[in-house]
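Overview (structure and organization)
Here is what each chain is made of, one letter per residue.
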Number of protein chains: 2
Amino acid sequence: MKPVKIKIKPIGFVKTDASEEQVKSRKTISEIILNKKLSKALDGIEDFSHLFVIFSLHKISEDEKRTLKVHPRGRLDMPLLGIFATRTPFRPNPIGLTLVKLLKRKGNVLKVKGLDAINGTPVLDIKPFDYWDTVKKIRVPEWRKKLEEERKRENRKLS
Amino acid sequence: MKPVKIKIKPIGFVKTDASEEQVKSRKTISEIILNKKLSKALDGIEDFSHLFVIFSLHKISEDEKRTLKVHPRGRLDMPLLGIFATRTPFRPNPIGLTLVKLLKRKGNVLKVKGLDAINGTPVLDIKPFDYWDTVKKIRVPEWRKKLEEERKRENRKLS
């Protein structure tokens, strides 16, 4: 095990007018503006309905990267968990991963729905969502079920 | 849009006896050996059935990184596609993403099933598979359907 450093260069950036709060809703429509030299690398992507976007959580500080435990969503009524058991942005390598719906591709621009990344976020990779990425039955912890039930209740109230 | 370089440091490594061909089957059982200093960051992960593993495709050369188009699986009977419309390891940022089944956690070691990464692969991040990561109905291109049907026929032959 020799520690190596891996250099990564963005392939493009996120463009959105939505605020930090709004992008969290996963209903936001945003654009991914790819480096024009990479336009051709998108050919054929239109035929997929969903994509994984891998991006840099570029606002995370060196201190935040050293976090080992968090309460999900910062809520003290939730258990204290290892960061790898959560999707917190506080991670040794602050890499974001979000499944989005592809609405449109035009040249080097992808219009997507559901990307929880703020304006200017560096994008590192884009992958089509494939058969391999689905699981029929998943098991999640009790705290996660509770958060999901709360979200559903909230949505029912709003509709 | 200012190009920035992002430095990434592995959080651990993949340990497996399986060959490069064998790991592709997605039936292989492998271990992720985390940096011991990060052990605590796994606390609570046992309650998830599935994880995303983000890793470095560290054998990809500088030339391969510059690939823009490929035939899926190198098959000339498949269309020539942009690399972002495929899961080829030839990508500007050679980052791998695989959904695995978590079999066991012991200290800093995760035993997982389905990781298509070779022995010694640097692991960059681990995320629990969550409700947000599921899609009820996906649309994929014709070429992808064809590959999936071939795989199923092959599996039927073997069983």
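What you see is a predicted model; the values in this text were computed from it and never measured. (Residues numbered from 1 in each chain as written. Chains lettered and ligands numbered in written order. Predicted model: local features only at pLDDT ≥ 70, side-chain atom pairs only at ≥ 80, totals over all residues.)

Next up on the list: the overall build of chain A. Within chain A, the secondary structure is distributed over three helices and nine strands. Listing the helices and strands of chain A from first to last along the sequence gives β-β-α-β-β-α-β-β-β-β-β-α. With the principal axes as the frame, chain A shows a C-alpha extent of 50 × 50 × 35 Å. Looking at chain A as a whole, 38% of its 159 residues are labelled buried. Of the contacts made within chain A by residues no fewer than 6 positions apart, 66% connect residues no fewer than 24 positions apart. (Helix = DSSP H or I, 4+ residues; strand = E, 2+ residues; numbered from the N terminus. Buried ≥ 20, exposed ≤ 12 C-beta atoms within 10 Å, placed from the backbone. Contact = placed C-beta atoms within 7 Å.)

With that settled, the discussion passes to the interface of chain B and chain A. Contact with chain B, which involves 58 residues of that partner, is made by 58 residues of chain A. Every element with two or more residues in the side of chain B that touches chain A is listed here: strand S1 (6-8), strand S4 (50-56), strand S6 (81-82), strand S7 (95-106) and strand S9 (122-128) of chain B. Tallying contributions element by element places S9(B) first for the side of chain B that touches chain A, with six residues. When its residues are assigned to classes, the side of chain B that touches chain A shows 36 nonpolar, seven polar and 15 charged. Bridging between strand S1 (residues 6-8) of chain A and S1(B) involves three bridges; their strand directions are antiparallel. Looking at S1(B), one finds that Lys7(A) is bridged to Lys7(B). (Nonpolar A, V, L, I, M, F, W, Y, C, P; charged D, E, K, R; others polar. Pairing = 2+ DSSP bridges.)

In the superposition of chain B on chain A (RMSD 0.0 Å, axial shift 0.0 Å), the rotation amounts to 180°. In symmetry terms, the pair is related by a two-fold rotation axis. It is Lys7(B) whose C-alpha, among those of chain B, lies nearest the rotation axis, at 2.5 Å. Looking at chain B, 100% of its interface residues are interface residues in chain A too, so the copies touch through the same face. (Least-squares fit on C-alpha atoms with pLDDT ≥ 70 in both.)

Our focus in this paragraph is the confidence of the model for chain A. Counting all residues, the mean pLDDT for chain A is 93, and 97% of those residues have values of 70 or more. Two summary scores accompany this predicted model of the complex, namely pTM at 0.94 and ipTM at 0.94. (pLDDT = per-residue confidence, 0-100.)

We note that Arg73(A) has phi near 55°; this positive angle belongs to a residue other than glycine. Tracing the sequence through the fold places Arg73(A) in the loop between strand S5 (69-70) and strand S6 (81-82).

Residues and elements named next belong to chain B. Ordered by their spatial adjacency, six strands build a closed barrel running S2-S3-S8-S7-S4-S9, and the pairing between neighbours is antiparallel. Strand after strand, the sheet turns through a mean of 45° between neighbouring axes, direction not considered. Looking at chain direction, strand S2 (residues 12-15) and strand S3 (residues 29-34) are connected through four bridges and run antiparallel. What sits directly across from phenylalanine 13, in S3, is isoleucine 33. (Axes fitted to C-alpha atoms, helices over the stretch in contact; angles between N-to-C directions.)

Right, let's get into the pairing of S4(B). Side chains on a regular strand alternate between the two faces of the sheet. Residues and elements named next belong to chain B. Of all the seven residues making up S4, six are buried; the element is thus mostly covered by neighbouring parts of the structure. As judged from the seven bridges shared by S4 and S7, these two strands associate in the antiparallel manner. Bridged to histidine 50 within S7 is lysine 101. The sheet contact formed by S4 and S9 spans five bridges and is antiparallel. Its bridge partner being in S9, leucine 51 is matched across the sheet by proline 128.

Here the focus is the sheet that holds strand S4 (residues 50-56) of chain A. Picture the strands of a sheet paired through backbone hydrogen bonds; they go either parallel or antiparallel. All names here are of chain A. If you trace the six strands once around the closed barrel, you get S2-S3-S8-S7-S4-S9, paired in antiparallel fashion. Ignoring which end each strand starts from, the neighbouring axes of this sheet average 45° apart. In the sheet, strand S2 (residues 12-15) pairs with strand S9 (residues 122-128) via two bridges, with the strands oriented antiparallel. Its bridge partner being in S9, glycine 12 is matched across the sheet by valine 123.

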